[in-house]
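The lines below spell out each chain.
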Amino acid sequence: MFDWSFALSILPELLKGLKITVIATIGGFALALIVGAVVEAGRRSGSRALKALCDAYVAFLRCTPLLVQLYFVFYVLPGYGIRFSALFTGILCLGLHIGAYVAEAYRAAIDAVPEGQWDAARSLGLPRHFVWAKVILPQAMPYMLPPLGNFLIGLFKETPLLAAITVIDLFGAANSVAGRTFKYNEPYTLAALILLAVSLVAAWGVRKLERRFAPPAR
């Protein structure tokens, strides 16, 4: 039977774990946005070597499991003198991993802008930075938002993997309670419900942004 009094008693501990989950999600997603922009800029720089390097980065990060990346950074790199805290490692790996997918979202959104927009901007002799800031990116933004929203929600659901490197997030807190009390129903049920509630709120917010920046109907 579900013990409601026990569930209420462990709720504060789970909410502390939720705080870590939110920090890891926001930090990782912010880093992913930056990494994705840098990678996509490198792809469009005109340098073949830099483009090849960026393509290799995207292929490597997308084709290796996040859990393996977490273990490598947290347990292997310290043997070579490179050491980070557990939470920083989690944010770093989440950002670098999701950043490879974000770069693909940027690429697809920019490629969706009609070629005529580029030609018109060039024919007017507009500076390159002005073309990107005022012509291309505003038109690409509506195409970026849906996949970026999906990546944000997906990243939030990936944070339980951080328990493997001793980060006590929401899932880690539920694990701790279950291991300490040998009661598994309440902590895991509450963790699942909290994750569901936050994911639904995030999905609602992303949907509002999509409607706000939706391209005009053709």
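See the structure printed just above.
Quick summary incoming for the structure in this document. (Residues numbered from 1 in each chain as written. Predicted model: local features only at pLDDT ≥ 70, side-chain atom pairs only at ≥ 80, totals over all residues. Heavy atoms only, no water.)

Before going further, it helps to examine the overall build of the protein. A count of helices and strands for the protein gives eight helices and zero strands. What you see in the protein, going N to C, is helices and strands ordered as α-α-α-α-α-α-α-α. Dimensions of the protein along its principal axes, counting C-alpha atoms only, are 70 × 50 × 25 Å. When burial is assessed residue by residue, the protein has 37% of its 218 residues classed as buried. Look at the contacts in the protein between residues 6 or more apart in sequence, and 78% of them connect residues 24 or more apart. Of the roughly 12400 Å² of accessible surface on the protein, a fraction of 70% belongs to carbon and sulfur atoms. (Helix = DSSP H or I, 4+ residues; strand = E, 2+ residues; numbered from the N terminus. Buried < 20%, exposed > 50% of the residue type's maximum accessible area, 1.4 Å probe, protein only. Contact = heavy atoms within 4.5 Å. Areas by Shrake-Rupley, 256 points an atom, 1.4 Å probe, with all protein chains shown as cover.)

Below, the discussion takes up the packing of aromatic side chains. Tallied over the entire structure, the rule returns seven aromatic pairs. Relative to Phe88, the ring of Phe84 has its centre 5.2 Å away and its plane inclined at 45°; by these criteria the two rings are tilted. The class for Phe88 is partly exposed, based on a relative accessible area of 43%. On the numbers, 6.0 Å between centres and 55° between planes, the contact of Tyr101 with Phe151 is tilted. A residue pair is termed long-range when its members are at least 10 positions apart, and Tyr101 in helix α4 (residues 86–111) and Phe151 in helix α6 (residues 128–158) qualify at 50 residues. Taken together, the ring pairs in this structure connect Tyr71, Phe74 and Tyr75 into an aromatic cluster. Its guanidinium or amino end placed over the ring of Phe6, Lys183 lies 4.5 Å from that ring's centre, counting from NZ or CZ. (Phe/Tyr/Trp six-rings, centres within 6.5 Å; stacked < 30°, edge-to-face > 60°. Lys NZ or Arg CZ within 6 Å of the ring centre and 35° of its normal.)

Glancing now at unusual backbone geometry. At Thr166, a residue that is not glycine, the phi angle is positive and equals roughly 75°. Tracing the chain through its elements places Thr166 in the loop between α6 and α7 (170–181). In this structure, Phe182 takes a positive phi of about 60° despite not being glycine. One can find Phe182 in the loop between α7 and α8 (185–212).

Next up on the list: a nonpolar patch on the surface. Side chains of Leu67, Tyr71, Phe72, Tyr75, Val76, Tyr80, Ile82, Phe84 and Phe88 sit close together on the surface and give an oily, nonpolar patch of about 870 Å² of accessible area. On the basis of relative accessibility, which here comes to 32%, the residue Leu67 falls in the partly exposed class. (Patch = residues over 30% accessible without salt bridge, like charges linked within 9 Å, V, L, I, M, F, W, Y side chains within 5 Å. Salt bridge = Lys/Arg side-chain N within 4 Å of Asp/Glu carboxyl O.)

Tallying each qualifying case throughout the model produces 13 salt bridges. For Lys51, the salt bridge goes to Asp55, with nearest N and O atoms at 3.0 Å. With Lys51 and Asp55 both in helix α2 (residues 48–63) and four residues apart, the pair spans about one turn of that helix. A cluster of three or more residues bridged by salt bridges with shared partners is formed by Glu40, Arg43, Arg44, Lys51, Asp55, Arg62, Glu104, Arg107 and Asp111.

Another point: the packing of helix α1 (residues 4–43) against α6. Following both chains from N to C, one finds α1 and α6 inclined at 140°, their axes separated by 9 Å at the closest point. Every pair of crossing elements has a handedness; the one defined by α1 and α6 is right-handed. Between α1, through Leu18, Thr21, Ala24, Thr25, Gly28, Phe29 and Leu33, and α6, the contact on the second element is made entirely by Leu148, Phe151, Leu152, Leu155 and Phe156. Looking at the contact of α1 with α6 residue by residue, the class counts come to nine nonpolar, three polar and no charged. (Axes fitted to C-alpha atoms, helices over the stretch in contact; angles between N-to-C directions. Left-handed = near helix turned anticlockwise from the far one by under 90°. Nonpolar A, V, L, I, M, F, W, Y, C, P; charged D, E, K, R; others polar.)

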